[in-house]
Each structure stands twice: as C-alpha cells, then as structure tokens.
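# Residue-level structure breakdown
Now for the letters of each chain:
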Amino acid sequence: PFNTTMNSYFMDPSDPSYEICQRVIRDMTQYGVCVINNFLGKERGHLVLNEVLEMYRSGIFTAGQLVSSPGSTEAQTIRSDRITWIDGKEPQCHHIGQLISQVDSIILKANKMSNNGKMGNYIINGRTKAMVACYPGSGSHYVKHVDNPNKDGRCITAIYYLNLDWDVKRCGGLLRVFPEGTNQVADIAPIFDRMLFFWSDRRNPHEVQPAYSTRYAITLWYFDSQEREEALRNFSKFFLIK
Ligand SMILES: O=C(O)CCC(=O)Nc1cc2ccccc2cn1
Ligand SMILES: [Mn+2]
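Here we summarise the structure given alongside this text. (Residues numbered from 1 in each chain as written. Chains lettered and ligands numbered in written order. Predicted model: local features only at pLDDT ≥ 70, side-chain atom pairs only at ≥ 80, totals over all residues. Heavy atoms only, no water.)

## What about the coordination of the manganese ion (ligand 2)?
- All of the protein donors around the manganese ion (ligand 2) are His145 (NE2), Asp147 (OD) and His206 (NE2); their distances to the metal are 2.1 to 2.2 Å.
- All donors of the manganese ion (ligand 2) belong to a single chain; written as a sequence motif, their spacing is H-x1-D-x58-H. Of the two residues, His145 is situated in strand β6 (residues 140-145) and His206 in strand β11 (residues 206-211); the sequence distance between them amounts to 61 residues. Like His206, His145 is buried. (Donors = N, O, S within 2.8 Å, 3.2 Å for Na, K, Ca; no water. Helix = DSSP H or I, 4+ residues; strand = E, 2+ residues; numbered from the N terminus. Buried < 20%, exposed > 50% of the residue type's maximum accessible area, 1.4 Å probe, protein only.)

Given below as structure tokens:
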C-alpha cells in the first residue's frame, strides 16, 4: 500500500515538492515505510549510477563486515556487501552530492511540515555520511537485522537504489522488511531510481535476500536530535578525559 507509483521527477533541490513531503509524512506515520519511484528521473538517476560505477571500478569499496578474526568466512555469513562512506563533496561525486541534498531537503521539510513540527515525534537535525554499498552478486546477502536496535540516535533509514532492469525472479536481492506488530512483510525490489524510507529502530527488522546480479544502493541515516545527544552522552562516559 505504501508503494507509491507517483512520478516525482527531479525537483528543485532547494524546495522539494509539497506532495512528496506529504506522502513521506503520511506513509511514515501510517506504515513506517515509504517508497518513492522515479525519485530523480531517468537522466539524473543515470548520472548518479555512473558515479557509483566509477567509484566501484576504482576499487575504493571495502568488505562490508570487518570481523575480529581477519580472513574468516564469518563475514560471508553475516553480510557480504562492499561499502564505502562519502560525504558527497568529493570531486567525482557531484551527482551523488545532489542526490544527498535532495533527500536532506525532503526529510527536513517533511519534518517541519508534519504536525507539531515532528515526524514520528522526532526532531531531525543531522545525518550520517552516505554509505555506498554493492552486493557483488554471487549470492551476496544481508541477514535479518535492525539498523538501530539500541537508541544510537538514528531514526530514519533512507536508501536510494540504482539497479537497472532488476528482475527479482532472476536477480534476487529483494529487501524484505518485517514491520513490527504485523505478520505482513514488505518486499521491496531494489529497482533503479527508487527511494525508500523507513524507521531505523526495532519497528523495521529487514534482510537482503541473496543477490545474483551486482546490486548497488546508497544509504543515509538521519538523526533525531534528542536521541543522538543522549547516545553521545552515554558513549562519552567510556572516554574519561583525565
Ligand atoms: O540494501 C538494502 O536494501 C538494505 C541493506 C541494509 O540493511 N544495509 C545495512 C548496512 C549497514 C552497515 C553498517 C551498519 C548497519 C547496517 C545496516 N543495514
Ligand atoms: Mn539495514
């Protein structure tokens, strides 16, 4: 039901369209998940994809899961994506940077527009860097997990998919979300130019099923100001400054 079919061609980055923000607020409030297709439009979507392909070719991606015993095959059992973190200001990431600011403006505008200026009772004031991930496609997957199980401050997961002609029957790589409190699952194909938002906490355990083609995605996590501040306060007590 939350799988929107609206076309939201690339909007003016400084002022995302009102209806997109309304859609995000409605779906996040009702389902905790929101899918927007044709997020950037074909042309800009391809420009972002080309930058990601170029990065992957340059070999800056690292194995997703750093395990204690290096070289163990354990990484393959938890997740086998290859990732790299960027802030979008790197010279060869201009269009990825534009995507990031487009998502920023939608999230921040939706947060302001939602009732009492909070969306899901959060006040969003920051985010992580962008994590560019690639599943190499030899059955690579990600076991069921929660992004933020212990209140580290992240409240919204935003994932932009880049995979042309993706056919789940042939390529696998389905993102399956298990929304808390219902036995309904949400199956989301990682198709080109699709934007996905979901609450990062225990409401949305999810897994990536084995992928048999190379599968690219760019993820941002948005912080709730209060939860983040609390997390940093708790975290800092581990570093007693003499
Ligand atoms: O690509 C998708 O459809 C989602 C994949 C996914 O869940 N990725 C992911 C990646 C993560 C990397 C570091 C820490 C937590 C993480 C949680 N989730
Ligand atoms: Mn995840």
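Right, picking up where we left off after that structure.
## Re the site of ligand 1
- Every one of the 13 residues lining ligand 1 counts as a neighbour, but His145, Asp147, Tyr161, His206 and Arg215 are closest to it.
- Within the contact set of ligand 1, a nitrogen atom lies 3.0 Å away from a side-chain nitrogen or oxygen of His145.
- Take Asp147: an N or O atom from its side chain is 3.2 Å from a nitrogen atom of ligand 1.
- When ligand 1 is considered free in solution it has 430 Å² of accessible area, and contact with the protein chains removes 87% of it.
- At the level of elements, β5 (130-135), β6, β7 (154-161), β11 and β12 (215-224) are the ones that each hand at least two residues to the shell around ligand 1.
- Partitioned by chemical class, the residues of the shell around ligand 1 number eight nonpolar, two polar and three charged. (Near = heavy atom within 4 Å. Polar contact = N/O pair within 3.5 Å; in protein donor to acceptor, adjacent residues only side chain to side chain. Areas by Shrake-Rupley, 256 points an atom, 1.4 Å probe, with all protein chains shown as cover. Nonpolar A, V, L, I, M, F, W, Y, C, P; charged D, E, K, R; others polar.)

## Quick look at a nonpolar patch on the surface
- Residues Phe235, Phe238 and Phe239 make up a contiguous nonpolar surface patch of roughly 390 Å² in combined accessible area.
- Here Phe239 is to be found in the segment after α6 (225-236). (Patch = residues over 30% accessible without salt bridge, like charges linked within 9 Å, V, L, I, M, F, W, Y side chains within 5 Å. Salt bridge = Lys/Arg side-chain N within 4 Å of Asp/Glu carboxyl O.)

## Side note on the sheet that holds strand β9 (residues 186-188)
- Strand order across the open sheet formed by four strands is β6-β11-β8-β9, with antiparallel pairing between neighbours. Bordering the open sheet on either side are β6 and β9, each of which pairs with just one other strand. Here the average twist between neighbouring strands, direction ignored, is 20°.
- Looking at chain direction, strand β8 (residues 175-177) and β9 are connected through three bridges and run antiparallel. Counterpart to Val177 in the pairing with β9 is Ala186. (Pairing = 2+ DSSP bridges. Axes fitted to C-alpha atoms, helices over the stretch in contact; angles between N-to-C directions.)

## Focus on the environment of Cys134
- Counting through the fold element by element, Cys134 comes out in strand β5.
- Each C-alpha atom, one on Cys134 and one on Arg215, is 5.4 Å from the other, the two residues being 81 residues apart in sequence.
- Setting aside its immediate chain neighbours within four residues, Cys134 contacts Tyr56, Phe61, Asp81, Arg82, Thr214, Arg215 and Tyr216. (Contact = heavy atoms within 4.5 Å.)

## Brief notes about the state of the cysteines
- Scanning the entire structure with this criterion turns up zero disulfides.
- The thiol sulfur of Cys93 is not disulfide-bonded, and the nearest other cysteine sulfur, from Cys134, lies at 15 Å.
- Owing to a relative accessible area of 0%, Cys93 belongs among the buried residues under this scheme.
- Cys171 supplies the cysteine sulfur nearest to Cys134, a cysteine that is in no disulfide, at a spacing of 13 Å. (Disulfide = S-S within 2.5 Å.)

## Description of the packing of helix α2 (residues 42-57) against helix α4 (residues 94-113)
- One way to put it is that α2 packs onto α4 with a least axis distance of 8 Å and a crossing angle of 125°. Regarding the angle of α2 to α4, the classification is oblique. Between α2 and α4 lies a crossing of left-handed hand. Here Arg44, Leu47, Val48, Glu51, Val52 and Met55 of α2 lie close against α4, whose contacting residues are His94, His95, Ile96, Gln98 and Leu99.
- Taken together, the residues that form the contact of α2 with α4 break down as six nonpolar, three polar and two charged. (Parallel < 35°, antiparallel > 145°, perpendicular 65-115°, else oblique. Left-handed = near helix turned anticlockwise from the far one by under 90°.)

## So, unusual backbone geometry
- One non-glycine residue with positive phi stands out, namely Lys151, at about 50°.
- Summarising the element assignment, Lys151 is placed in the loop between β6 and β7.
- The phi dihedral of Asp165 is positive, around 50°, even though this residue is not glycine.
- By the secondary structure assignment, Asp165 is in the loop between β7 and α5 (168-171).

## Quick look at the pattern of salt bridges
- Counting across every chain of the model gives nine salt bridges.
- In this structure, Asp152 and Arg154 form a salt bridge, with 2.9 Å as the shortest nitrogen-oxygen distance.
- You can call Asp152 partly exposed: its relative accessible area is 24%.
- Across the pair Glu230 and Arg233 runs a salt bridge whose closest N-O atoms are separated by 2.6 Å. Linking Glu230 with Arg233, this pair stays in helix α6, spanning three residues, or about one helical turn.
- Residue classification places Glu230 among the partly exposed residues on the basis of a relative accessible area of 37%.
- A relative accessible area of 46% means that Arg233 is categorised as partly exposed.
- Via salt bridges that share partners, Glu229, Glu230 and Arg233 belong to a single interconnected network.

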